[in-house]
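Structure at a glance
Next come the chains, spelled out residue by residue.
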Amino acid sequence: MNSGTKMLIFVILGLLAVLGCSNQSAKVTGDDEGVVVSTPLPKPPSLVVTVGEKEIKPIRGAYYWKIEHRDGTEESIVEADSFLPSGIPEFEEPVKVNGDAEVTFTFGEEPSGYQIREWEPGSERTIVGTYDEIDLAEFEGETILEVTSSWEAGAAGYILYLDVERESD
């Protein structure tokens, strides 16, 4: 079993452990109304990246997220760690995209802000650049991008592994 497979299994087991520890109890009042004390573990909103006409669902990376309980008594923070974006080539194939295509980000809920980081494939922790918007014309070949986003309730990273190609003239 290679190290990428081992890392993926470790991440999945960690997420299952976090989900298994959620507090989803019910409280019954005197008038037999069922009241859920806390909501299920929420997660950051989804992200769909559109490159030209191709929709890509990135891999959700590390995040932290605030849980607000319905009874208003407490808040808690959920944190989920993830592999480094530069390790994605070990277990994923890149998505082929046209380098001349327009890129748009569609979040399930619009963040208060986001940045795009380019990671060097195969290096431990090397971020090549940070951008406020992305133009694929600046990239060629295998490219790892991480979209780091923030909301009032927390922050999350989303990882894209692309193979940026140019159309032949």
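Note: the structure precedes this text.
Residues numbered from 1 in each chain as written. Predicted model: local features only at pLDDT ≥ 70, side-chain atom pairs only at ≥ 80, totals over all residues. Heavy atoms only, no water.

Comments concerning the nonpolar core
Core analysis: the largest hydrophobic core is formed by 26 residues, its most contacted members being Val51, Phe105, Leu136, Val147 and Leu162. Of all the secondary-structure elements, those providing two or more residues to this core are strand E3 (47–51), strand E5 (59–68), strand E6 (75–80), strand E8 (103–107), strand E11 (141–151) and strand E12 (154–165). Here this core takes five residues from E12, the largest share from any one element. With sequence-adjacent residues up to four places away left out, Phe105 is seen in contact with Leu47, Val48, Val49, Tyr114, Ile116, Ile134 and Val147. Counting residues in each nonpolar core, the second largest holds six residues, with Phe83, Trp119, Ile144 and Tyr161 among its members. (Core = buried A, V, L, I, M, F, W, Y, C linked by side-chain atoms within 4.5 Å. Buried < 20%, exposed > 50% of the residue type's maximum accessible area, 1.4 Å probe, protein only. Helix = DSSP H or I, 4+ residues; strand = E, 2+ residues; numbered from the N terminus. Contact = heavy atoms within 4.5 Å.)

A closer look at the pattern of salt bridges
For the structure shown, the criterion picks out three salt bridges. One salt bridge in this structure joins Lys96 and Asp163, with 3.3 Å as the shortest N-O distance. Separated by 67 residues along the polypeptide, Lys96 in strand E7 (residues 95–98) and Asp163 in strand E12 bring together distant segments of the chain. With relative accessibility at 15%, the residue Asp163 sits in the buried group. A salt bridge links Arg117 to Glu146, with the shortest nitrogen-to-oxygen separation between them at 3.8 Å. (Salt bridge = Lys/Arg side-chain N within 4 Å of Asp/Glu carboxyl O.)

Quick word on the sheet that holds E3
In spatial order, the strands read E4-E3-E8; together these three strands make up an open sheet with antiparallel pairing. Of all strands in the sheet, those bounded by a partner on one side alone are strand E4 (54–56) and E8. The average angle at which neighbouring strand axes cross in this sheet is 25°, direction not considered. Pairing between E3 and E8: five bridges, direction antiparallel. Across the sheet, the residue bridging to Leu47 is Phe107, located in E8. (Pairing = 2+ DSSP bridges. Axes fitted to C-alpha atoms, helices over the stretch in contact; angles between N-to-C directions.)

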